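# Overview (structure and organization)
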Amino acid sequence: QVQLVESGGGLVQAGGSLRLSCAASESGNSIDAMAWYRQAPGKQRELVAAITSGGSTNYADSVKGRFTISRDNANTVYLQMNSLKPEDTAVYYCYARTIWGLVTWGQGTQVTVSS
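Cut-off values and rules
- Residues numbered from 1 in each chain as written.
- Predicted model: local features only at pLDDT ≥ 70, side-chain atom pairs only at ≥ 80, totals over all residues.
- Heavy atoms only, no water.
- Phe/Tyr/Trp six-rings, centres within 6.5 Å; stacked < 30°, edge-to-face > 60°.
- Helix = DSSP H or I, 4+ residues; strand = E, 2+ residues; numbered from the N terminus.
- Lys NZ or Arg CZ within 6 Å of the ring centre and 35° of its normal.
- 1 Å grid on protein atoms, 1.4 Å probe; cavity = no way out; pocket = protein on both sides within 12 Å on 5 of 7 lines; lining within 4 Å.
- Points joined across faces, edges and corners; volume = space filled by probe spheres on them.
- Nonpolar A, V, L, I, M, F, W, Y, C, P; charged D, E, K, R; others polar.
- Salt bridge = Lys/Arg side-chain N within 4 Å of Asp/Glu carboxyl O.
- Buried < 20%, exposed > 50% of the residue type's maximum accessible area, 1.4 Å probe, protein only.

### Let's talk about the packing of aromatic side chains
Enumeration over the complete set of coordinates arrives at three aromatic pairs. Geometrically, the ring pair formed by Tyr-37 and Trp-105 is edge-to-face, given 4.9 Å between the ring centres and 70 degrees between the ring planes. Residue Tyr-37 is found in strand S4 (residues 31-39), and its partner Trp-105 is found in strand S10 (residues 103-105); the two are separated by 68 residues along the sequence. Arranged with centres 5.2 Å apart and planes meeting at 70 degrees, the rings of Tyr-95 and Trp-105 form a pair that is edge-to-face. Of this pair, Tyr-95 sits in strand S9 (residues 90-98) while Trp-105 sits in strand S10, and the two are 10 residues apart along the sequence. Here a set of aromatic residues connected by ring pairs shows up, and it is made of Tyr-37, Tyr-95 and Trp-105. Stacked on the ring of Tyr-78, the Lys or Arg Arg-19 has its end atom at 4.1 Å from the ring centre.

Okay, structure coming up:
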């Protein structure tokens with residue numbers, strides 16, 4: 001079972017930046033897609049950004065042009081968040097899917113953007 005360890009959340013003022021990291025316990029080729037989701041209070045969890053093992057990316061419309069997802073060869077995924085807005089406040093969860101279709105979630109990291 002793949003384990004994910006997240007870091008990098010915190011409190012930032014609107015217009016500021018944060019970088020989230022998520023390290024997977026497996027560094028080989030068994031992980032296909034990795035992604036970041038977020039869940040704000042009273043709302044459903046939503047996809048923020050995703051990246052495949054081949055480097056293809058996908059972003060929610062609300063973060064396009066502000067957030068960048070990247071991934072290194074050791075299966076650590078990053079989310080660079082710029083021009084943060086109060087509506088970006090949420091718990092951010094890392095996601096990983098293996099080539100066999102098994103899904104793992106991180107424990108979540110809080111991002112709070114003050115106005």
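### Here's the deal with the layout of surface pockets
Its volume calculated, the largest pocket comes out at about 210 Å³. Residues that form the lining of the largest pocket fall into these classes: three nonpolar, eight polar and two charged.

### Things to note about the pattern of salt bridges
If charged atoms from side chains of opposite charge come close, those side chains can pair. Taken as a whole and assessed by the stated rule, the structure comprises five salt bridges. With a shortest N-O distance of 3.0 Å, Arg-38 and Asp-88 are connected by a salt bridge. Taken together, the positions of Arg-38 in strand S4 and Asp-88 in the loop between strand S8 (76-81) and S9 put the pair 50 residues apart, joining distant regions of the chain. Across the pair, exposure class does not vary: Arg-38 and Asp-88 are buried alike. Here Asp-88 ties to Arg-66 by a salt bridge, and the two come within 2.8 Å at their closest N and O atoms. Taken together, the residues span a long stretch of sequence, with Asp-88 in the loop between S8 and S9 and Arg-66 in the loop between strand S6 (57-59) and strand S7 (67-71) at a distance of 22 residues. Taking relative accessible area as the criterion, Asp-88 reaches 0% and is therefore assigned buried. Taking relative accessible area as the criterion, Arg-66 reaches 10% and is therefore assigned buried. A single salt-bridge network, built from bridges that share partners, covers Arg-38, Glu-46, Arg-66 and Asp-88.

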